[in-house]
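# Coordinate inspection notes
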There are 2 protein chains.
Amino acid sequence: MKLGVPRGIRDLDPELYEFMEFVRDEFKAASRLFGFRLTEPASLEFLSTLEIKGGPSIRDEIYAFKDKSGRDVALRFDLTVGMARYVASRRGLPLPLKLASFSSSWRYDEPQYGRYRWFYQWDVEIFGPKDVLADAEVIEFTHELHRRIGLDLKVRIGDRRMTEGYIRGLGVEEGRKVLDLMRAIDKLDKKSESEVKEEYVAKGYEAKLLDSVLALSKVKGGLEAIDRVREFVEPTRELLDLFDLLKGKGLDPILDMGVVRGLDYYDSLVFEVFDEEEAGLGAVAGGGRYDVLMKEFGRPELGATGAAGGVDRLILSLKRRGLSPKALETVVVAYTSGLEVEASKLVSRLRADGIACEMDPFRRSLRKQLELASKKARYVVIVAPRELEEGLYVLRDMKSGEELKLDYRNLVGALTRNV
Amino acid sequence: MKLGVPRGIRDLDPELYEFMEFVRDEFKAASRLFGFRLTEPASLEFLSTLEIKGGPSIRDEIYAFKDKSGRDVALRFDLTVGMARYVASRRGLPLPLKLASFSSSWRYDEPQYGRYRWFYQWDVEIFGPKDVLADAEVIEFTHELHRRIGLDLKVRIGDRRMTEGYIRGLGVEEGRKVLDLMRAIDKLDKKSESEVKEEYVAKGYEAKLLDSVLALSKVKGGLEAIDRVREFVEPTRELLDLFDLLKGKGLDPILDMGVVRGLDYYDSLVFEVFDEEEAGLGAVAGGGRYDVLMKEFGRPELGATGAAGGVDRLILSLKRRGLSPKALETVVVAYTSGLEVEASKLVSRLRADGIACEMDPFRRSLRKQLELASKKARYVVIVAPRELEEGLYVLRDMKSGEELKLDYRNLVGALTRNV
C-alpha cells in the first residue's frame, strides 16, 4: 500500500520541530516579559462565525464541512478570529486582556514554496483599549520577538483610514469599490504594477484612478515621509502618536502607505515587518487594529489590536542566515552482551542525576554501537564485566579516543562538567 | 448574535493553558533526558490510513469528511498512527527512532466530564527494535514524566498474547470472537462484571465462558502474581524480562491481566498507569507494543512500542491534589496623565533588562491603576513628574505600602532582587 498525507499537509519532522521549538521558546519568553498570557482558541468553529468578516466566499478558502449532527463547521483559518470570538462571548473578563497563542491553522490555498495548508503561527492580541498605547505594545512585541531569534527587522506602518479617505476623495463612493481598490494596493506584493492595472482596467476601473491610488501606496520612508504623505491625505492623530511612542521605545518605524493588509477585519492602523535583506519573501509578520470585528461580534465597546506571523517563513529566514538551534549532546551507554540489565540500571541512575542519556535497544555489537554513538554523542560510557566487578565504568571521549575508569560519583562529575 | 463553538470543542483559556504548559515543559525536559526527539504528525490523514487498524467503523468515531478535491480525509484521532505512518513511509531513517509529541487530536465521542472532542495528548514512541529494552524505556519514561509533575503513579502491565492464548485454550477459535472477548475485559473499567456478562450472554456467549475469561482478568499483584497467573497461562519470556528490567530501574510494576487496552493495534505487551488514590478516574496513561501495525503499513521488519496520556485527565489529577504551576509576578508601571510616552519608554527599558512588566493602555486614573495593579503584582513603579525631573522613579511595595525613590540602576537592582 502507498502511505501518504493529503496535499499541502505534512509531518513536522524532528529537524523542523527543533526550529519550531526554538521560535516557540522565544515567543513564550517574550510573552512573559510583556504580560501576554498563553491560550489557544477552539480548533473548530461554526462556519457562521468565520463568515462574519470573511463573507460567504471564505468558505472556498478554508476546510469547511458538516459534522455528524449536520452543523456547518470549519477548521480555524487564523488565531485572531477565535480569540476575538472568545473575548466577545464572555462578560467580566479583566481588561485589558492580553492574549498570546502559538498554534496551527488550516487554509485550503494552493500550496507554494514555504506555504502549506496546515501551518503554525504566533499571535498576540490586546482586547479592551482603543488607545494607540496598545498598538505600540503589539508592535514592540513583534520587534522584540524577532530580535530575540536573531532577526533585526524593520516595521512598516500604514493606516487604512488614510488610504480609504484618500480613495473616497478621488470620487469613489461605493464601499465595495473602496475595498476593492485597497486590495489593488495589497496585490503589489505579488504582482507588478502593470499587471495590477491591467486586472483592474479589465474590471472596469479607469486607468487614471488606478494611477492615483497606486501613487499613494508608493509613499514610504522615515519621518520625512509623514510630510510627503500630506500631499495626498492628512495623517491621523493615532498614526502620529504611534510614531512618537515607537521612537521613545528605540524603534525606527517606516511609514509605508503600501501596507494595507489583505484580511478585511483590520480597520485603521496596520503594520508589517520585513526582513529587508530578504524582501522577496514578503512580510514576515503583520497586524493591526480591528475594533470593527468586535463590533460585529456584539461588543462595540471593546477595542482590539494584534500581530501575527507565520512560523514557516520565519524558519526560512533563520535558515538562510545560517542560524539554528543548538543540538543536544546525548550520552550513550554501551554494554557487552549479557549486561543489559546493568546498563539499563546505569541509564536510569544517570537520568535521575539530570544527565541525558540512552542505550541501544537493538543489543548490537560493541563496535557497531560505538560507531553509531560517535555520531550523536561526544562521550560514551561502557559497562564492561571486569570494571563492573570493581564498581567502575569506562568513560570514552569519542573525539580523542581517551578512556577513563571511574566510579559512579566521578562519572557523574565528569559528565556534568564536560557535556 | 450568539457566539459559541461546536459541542465538545472549547477554547483553552489562560488558566487551563498554564497547566498545559507546566505539563508540556516537563514532558520536553523528560524527552530530552531520554533522547526522544519532538515531532508532530500531520493533522489531516487520508481516511484509508486511519481505517487500516481501526476498520471501517472508525469512520463513525472520528471527524471524517471529503476535501474540496473529493478525497476522503479525517482529522487524526491519536498521535501514534500518524507517527507510525511517517516512519513506515520513509526508508533510511536512523534506528532506533525515538519520537515524542505533545499535540491535539479529535474524536467524535460523546463529551463527558474531563473528555472533549478536541484534546491534547503527550506521546512517545520507539521504532525499530522488537526488544523488551524498548518497552522498558517507554514505561520508565511514563513513570518519570508523572514523577516530575508530582504524581507517583503505579504501572500495571499485561500481555495480550497471554490473554489471547488463554481464551483460545478455552476453545474459542475464531479471531473475531477472541478480540470480542478481550474487549469484555476492557469494558470492566467502565461497567460492572454483571453488566458485562449480561451484554455478552445477550450476544450469544456462554456464561461459563465469560466467567473463565473474567477470572483471568482478576489476576493482579506484584511478583507473586506471576506465580498465580501460571494457573491460567504461562507468562511470556518478554513479560518476565520486562519485570526484571523495571525492577533494575527502581520501578515497582504490577502484573494486571485486566489491562488489555481498547485500541486494536496493540498486539503483545500492554500497560497502563493509575493514580491509585484516584482509581475512579481510570488510567492516566497507557501504551504497548504494536509491531503488527508496522506490518500492516508494509514494514514487518520494524518493531514499535509507545506510550500516551491525555493531558486533561492529568490536569484533573494535579488540581485534585492541589498542585499548580507558579503564577508569574508582573511589575506594572503606572503614570500620571501626560507622562505616557515616558512610562512607555521605561517599560521598554525594563524589558530589555529582563524584567517582565506592562503599563495600563486605558490611561485610567492613578488610584484605579494602583487598585488593579495590586491584584497582579507585588511591586509597582510610578512615573511621577517631579521625581522624573530628578531622574528618579517611585517603587511601591503593594503589600507593605512602602515607597522608595530610586534611579534607574537601583530600580533594576531592587526589582531583580525582589521579584
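What you see is a predicted model; the values in this text were computed from it and never measured.

## Considerations on the overall build of chain A
For chain A, the helix and strand inventory stands at 16 helices and 17 strands. Against the 2.2 N^0.38 benchmark of 22 Å for 419 residues, chain A shows a C-alpha radius of gyration of 28 Å, more extended than a compact globule. In terms of its C-alpha atoms, chain A occupies a principal-axis envelope of roughly 95 × 55 × 50 Å. In chain A, which comprises 419 residues, the proportion classed as buried is 45%.

## Here's the deal with the sheet that holds strand E3 (residues 64–66) of chain B
All names here are of chain B. In space, the three strands of this open sheet follow the order E2-E4-E3, with antiparallel pairing throughout. Across the chains shown, the open sheet's two edge strands, defined by having one partner strand only, are strand E2 (44–46) and E3. Across the sheet, the axes of successive neighbouring strands diverge by a mean angle of 35 degrees, strand direction being ignored. Examined bridge by bridge, E2 and strand E4 (residues 72–75) share three bridges and lie antiparallel to one another. Note on E4: the bridge partner recorded for Glu 45 is Ala 74. Contacting E2, E3 and E4, helix H2 (residues 47–54) runs over the sheet at an angle of about 75 degrees to E2.

## Focus on the relation of the copies chain A and chain B
The two copies are related by a screw operation: chain A maps onto chain B through 180 degrees of rotation and 0.0 Å of translation along the axis, at an RMSD of 0.0 Å. These values place the two chain copies in the arrangement generated by a two-fold rotation axis. Minimal C-alpha distance to the rotation axis in chain A is attained by Phe65(A), lying at 3.4 Å. A shared binding surface is used by both copies, with 100% of the interface residues of chain A retained as interface residues in chain B.

## Observations regarding the interface of chain A and chain B
On the chain B side, the residues contacting the 70 residues of chain A number 70 residues. Elements with a minimum of two residues in the side of chain A that touches chain B: helix H1 (14–34), strand E1 (37–38), strand E2 (44–46), helix H3 (80–88), strand E6 (118–128), helix H4 (132–148), helix H10 (237–248) and helix H13 (340–352) of chain A.

## A word on the sheet that holds strand E4 (residues 72–75) of chain A
Residue and element names in this part refer to chain A. Here we have three strands laid out as an open sheet, ordered E2-E4-E3, and antiparallel in their pairing. Strand pairing shows two members of the sheet lacking a second neighbour, E2 and strand E3 (64–66), which therefore form its edges. This sheet shows a mean twist of 35 degrees between the axes of neighbouring strands, independent of strand direction. Across the face of the sheet, helix H2 (residues 47–54) comes into contact with E2, E3 and E4 while running at roughly 75 degrees to E2.

## Remarks on the pairing of strand E15 (residues 379–383) of chain A
Residue and element names in this part refer to chain A. Burial of E15 is extensive: five of the five residues sit out of reach of the surface. Here E15 shows two buried faces, one formed by Tyr 379, Val 381 and Val 383 and the other by Val 380 and Ile 382. As judged from the four bridges shared by E15 and strand E16 (residues 393–397), these two strands associate in the antiparallel manner. Paired with Tyr 379 across the two strands is Asp 397, which belongs to E16.

## A word on the confidence of the model for chain A
Summarising the model, chain A shows a mean pLDDT of 90, and 96% of its residues fall at 70 or more. As a predicted assembly, this complex carries a pTM of 0.89 together with an ipTM value of 0.88.

## Comments concerning the pairing of E4(A)
Taken together, the three bridges between E3(A) and E4(A) define a ladder with antiparallel strand orientation. Bridging across to E4(A), Phe65(A) finds its partner in Val73(A).

## So, helix H8 (residues 207–217) of chain B
All names here are of chain B. Within H8 the residues assigned to the buried category are Val 213, Leu 216 and Ser 217. Down the axis of H8, the sector holding all buried residues measures 110 degrees, keeping them to one side. Counted as exposed and oriented over 90 degrees from the buried face of H8: Ala 207, Lys 208 and Asp 211. Packing partners of the buried residues in H8 comprise helix H5 (160–169) and helix H6 (175–187).

## Some thoughts on the domain arrangement of chain A
Domain assignment breaks chain A into domain 1 (14–320) and domain 2 (331–418). Relative to domain 2 of chain A, the C-alpha centre of domain 1 of chain A lies at a distance of 52 Å.

## What about the environment of Arg396(A)?
Residue and element names in this part refer to chain A. Relative to the assigned elements, Arg 396 resides in strand E16. Arg 396 sits 14 residues away from Ile 382 along the chain, and the two C-alpha atoms are 7.5 Å apart. In this structure Arg 396 touches Tyr 379, Val 380, Ile 382 and Glu 403, once residues within four positions along its chain are discounted.

## Points about the packing of H6(B) against H8(B)
Residues and elements named next belong to chain B. Orientation of H6 relative to H8, taken along the N-to-C sense of each, is 55 degrees, at an axis distance of 10 Å. One element, H6, and the other, H8, form an angle in the oblique class. When you trace H6 past H8, the crossing you get is right-handed. Listed contacts from H8 to Leu 181, Ala 184 and Ile 185 of H6 are Leu 210, Val 213 and Ser 217. The residue inventory of the contact of H6 with H8, partitioned by class, reads five nonpolar, one polar and no charged.

## Digging into the nonpolar core
Judged by nonpolar contacts, the single largest core of 236 residues is most densely connected at Ile62(A), Ala84(A), Leu242(A), Val333(A), Ala84(B), Leu242(B) and Val333(B). Contacts of Leu242(B), omitting those with residues within four sequence positions, involve Val132(B), Asp135(B), Ala136(B), Ile157(B) and Leu269(B).

## Structural notes on the packing of helix H5 (residues 160–169) of chain A against helix H6 (residues 175–187) of chain A
All names here are of chain A. Running from N to C, H5 and H6 point in directions that differ by 120 degrees, and their axes come no closer than 10 Å. Both H5 and H6 take part in a crossing whose hand is right-handed. Residues Arg 160, Thr 163, Glu 164, Ile 167 and Arg 168 of H5 form the contact with H6, whose participating residues are Val 178, Leu 181, Met 182 and Ile 185. Of the residues belonging to the contact of H5 with H6, the class tally is five nonpolar, one polar and three charged.

## Some remarks on helix H1 (residues 14–34) of chain B
With 21 residues, H1(B) should cover 30 Å at 1.5 Å per step; its first-to-last C-alpha distance of 30 Å lies within 8% of that length. Gly35(B) occupies a position one or two residues after H1(B) and carries a positive phi of about 80 degrees.

## Points about unusual backbone geometry
Residue and element names in this part refer to chain A. The amide bond that connects Leu 95 to the next residue, Pro 96, takes the cis arrangement and shows omega of -5 degrees. Summarising the element assignment, Pro 96 is placed in the loop between H3 and strand E5 (97–106). Positive phi values are uncommon outside glycine, yet Arg 363 reaches one of about 55 degrees. Note on placement: Arg 363 falls in the loop between strand E14 (357–359) and helix H14 (366–376). For Arg 363, a count of 14 C-beta atoms within 10 Å gives the class partly exposed.

## With respect to the environment of Val260(A)
Residue and element names in this part refer to chain A. On the secondary structure map, Val 260 appears in the loop between strand E9 (254–256) and strand E10 (269–274). Residue classification places Val 260 among the buried residues on the basis of 25 C-beta atoms within 10 Å. Sequence separation between Val 260 and Ala 74 is 186 residues; the distance between their C-alpha atoms is 27 Å. When neighbours within four sequence positions are excluded, Val 260 is seen to be in contact with Gly 158, Arg 160, Thr 163, Met 182, Ile 185, Asp 186 and Val 270.

Calculation criteria
- Residues numbered from 1 in each chain as written.
- Chains lettered and ligands numbered in written order.
- Predicted model: local features only at pLDDT ≥ 70, side-chain atom pairs only at ≥ 80, totals over all residues.
- Helix = DSSP H or I, 4+ residues; strand = E, 2+ residues; numbered from the N terminus.
- Rg over C-alpha atoms; globule rule 2.2 N^0.38 Å.
- Buried ≥ 20, exposed ≤ 12 C-beta atoms within 10 Å, placed from the backbone.
- Pairing = 2+ DSSP bridges.
- Axes fitted to C-alpha atoms, helices over the stretch in contact; angles between N-to-C directions.
- Contact = placed C-beta atoms within 7 Å.
- Least-squares fit on C-alpha atoms with pLDDT ≥ 70 in both.
- pLDDT = per-residue confidence, 0-100.
- Arc of directions from axis to C-beta.
- Domains from an automatic or database assignment.
- Parallel < 35°, antiparallel > 145°, perpendicular 65-115°, else oblique.
- Left-handed = near helix turned anticlockwise from the far one by under 90°.
- Nonpolar A, V, L, I, M, F, W, Y, C, P; charged D, E, K, R; others polar.
- Core = buried A, V, L, I, M, F, W, Y, C linked by C-beta atoms within 7 Å.
- Expected span 1.5 Å × (residues − 1).

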